[in-house]
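So the chains spell out like this:
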Amino acid sequence: FMKYEGNIGIIGHPIGHSKSPVFQQVALDHHSIVEKFRAWDVSPDDLPEIMGHFKSDDFMAACVTLPHKINIIPYVDELTRTAKQVGAVNWVFKKNGNLVGHNTDCSGFIRSLKDQTGLDPQSKTVLVFGAGGACRAIIYGLKDSGAKKIIIANRTLVKAEQLVNDFSDYNTQISAIPLDKENIKNIVRDCQLIVNTTSIGMSGGPLPKDSPLYSENIPPGIVGYDIVYAPVETPFLKEVQKAGGTFGNGISMLVYQGIEGFEMATGLDAPVEKMFAAFNKV
Ligand code: ATR
């Protein structure tokens, strides 16, 4: 008895609110691929069973979201270099009969950042708030695009220090500091980009009205990016705006990770504009 149907889709738990099926279907239809992009609601206990389904000959690809991005690693046959370095998988696809785990959150972030703010992180100094799961892909993306220096500010310092351990090298110097406003005030003057990867400012989160930094301490001309996209304009982005900076949010990162995943999985060009139009309609 096989509980799961379909050859391409997204797995997560919960999965009800995912917009991926809508904007991915547009890409399948654009290329006349007769498949339905599924939403597989898979609890951690059911992960082995669906991975069995993915081994079938017809399986194409799956986008992977919470809570499976790390847990899925033992079930794939190989990881791309990017997935290995990030330490998380957000796409699985077939290559020569093998299940390959890949990560497009990092390149999706960079594409979203460039698209929304025009900033290229190459040789820039970046302040990053947070050191959680989402942060690893952001740090890797920044590093991969040639950022010179990254300062990670996090409430729990040891978690930021772990990221320094994992990612700092000759090309990209990374350091860790506590999330302390006084400390940050001095550091921010040397930065060209600030990225919030914490849940500060997220509606329904622990501090929905708060910002990790306020406008009086934000240098003019800064670029601010918030991976939080609910609300669309977070308190942090409002502060960036008040300081005269340019800003972007994580909405288009969601679409770009999917665009890059579709292209990796199918070897076809994604219809970028159509996918954005579909995403914005739901
Ligand atoms: P994600 O996978 O989305 O990054 P996460 O791994 O839970 O989620 O990470 C959440 C981030 O938000 C962490 O950096 C967390 O700080 P800690 O490492 O100290 O937990 C940060 N965060 C969450 N709530 C916070 C709060 N009230 N104040 C400051 N930072 C907070």
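Here, the structure is the one placed above.
Because the structure is a prediction, the values reported are computed rather than measured.

So, on to the site of the ligand. For the ligand, the set of nearby residues contains 15 residues, the closest of which are Ala131, Asn154, Arg155, Thr156 and Lys159. In this structure, an oxygen atom belonging to the ligand sits 2.5 Å away from a side-chain N or O atom of Thr156. At 3.4 Å from an oxygen atom of the ligand is found a main-chain nitrogen or oxygen belonging to Ser199. Within the complex, the protein chains bury 71% of what would otherwise be the 640 Å² of accessible surface of the ligand. Per-class residue counts for the shell around the ligand are six nonpolar, seven polar and two charged.

What follows covers the packing of helix α9 (residues 251–266) against helix α10 (residues 272–281). Two elements in contact, α9 and α10, have axes separated by 11 Å at closest approach and are oriented at 135°. Comparing their axes, α10 and α9 come out oblique. As α9 runs across α10, the sense of the crossing is right-handed. Here α9 contributes Ile251, Ser252, Leu254, Val255, Tyr256, Gly258 and Ile259 to the contact with α10, which in turn contributes Val272, Met275, Phe276 and Phe279. When the residues that make up the contact of α9 with α10 are grouped by side-chain class, the tally is nine nonpolar, two polar and no charged.

Interaxial distance between helix α1 (residues 20–30) and α10 falls to 8 Å at its minimum, and their mutual angle equals 145°. Seen from above, α1 lies across α10 with right-handed handedness. Residue-level contacts link Val22, Phe23, Gln24, Val26, Ala27 and His30 of α1 to Lys274, Met275, Ala278 and Phe279 of α10. Taken together, the residues that form the contact of α1 with α10 break down as seven nonpolar, two polar and one charged.

Our focus in this paragraph is the sheet that holds strand β11 (residues 223–226). A sheet is described by the order of its strands in space; here six strands give the open sequence β9-β8-β7-β10-β11-β12, paired in parallel fashion. One side of each edge strand has no neighbouring strand; the edge strands of this open sheet are β9 (173–178) and β12 (246–249). The average undirected angle you get between the axes of adjacent strands in this sheet is 15°. Relative to β12, β11 is paired through four bridges, and the arrangement is parallel. When the bridges of β12 are listed, Val223 appears paired with Thr246. With respect to the sheet, helix α4 (residues 105–117) is in contact with β10 (193–196), β11 and β12, its orientation differing from that of β12 by roughly 140°.

This brings us to the nonpolar core. Of all hydrophobic cores here, the largest spans 29 residues; its most connected members are Phe109 and Leu142. Listing elements by their share of this core, those giving two or more residues are α4, β7 (125–129), α5 (133–144), β8 (149–154), α6 (157–167), β10 and β11.

We now examine the environment of Thr65. Counting through the fold element by element, Thr65 comes out in the loop between β3 (61–64) and β4 (78–79). When the C-alpha positions of Thr65 and Ala278 are compared, they lie 20 Å apart, and in sequence the two are 213 residues distant.

Definitions and cut-offs
Residues numbered from 1 in each chain as written. Predicted model: local features only at pLDDT ≥ 70, side-chain atom pairs only at ≥ 80, totals over all residues. Heavy atoms only, no water. Near = heavy atom within 4 Å. Polar contact = N/O pair within 3.5 Å; in protein donor to acceptor, adjacent residues only side chain to side chain. Areas by Shrake-Rupley, 256 points an atom, 1.4 Å probe, with all protein chains shown as cover. Nonpolar A, V, L, I, M, F, W, Y, C, P; charged D, E, K, R; others polar. Axes fitted to C-alpha atoms, helices over the stretch in contact; angles between N-to-C directions. Helix = DSSP H or I, 4+ residues; strand = E, 2+ residues; numbered from the N terminus. Parallel < 35°, antiparallel > 145°, perpendicular 65-115°, else oblique. Left-handed = near helix turned anticlockwise from the far one by under 90°. Contact = heavy atoms within 4.5 Å. Pairing = 2+ DSSP bridges. Core = buried A, V, L, I, M, F, W, Y, C linked by side-chain atoms within 4.5 Å. Buried < 20%, exposed > 50% of the residue type's maximum accessible area, 1.4 Å probe, protein only.

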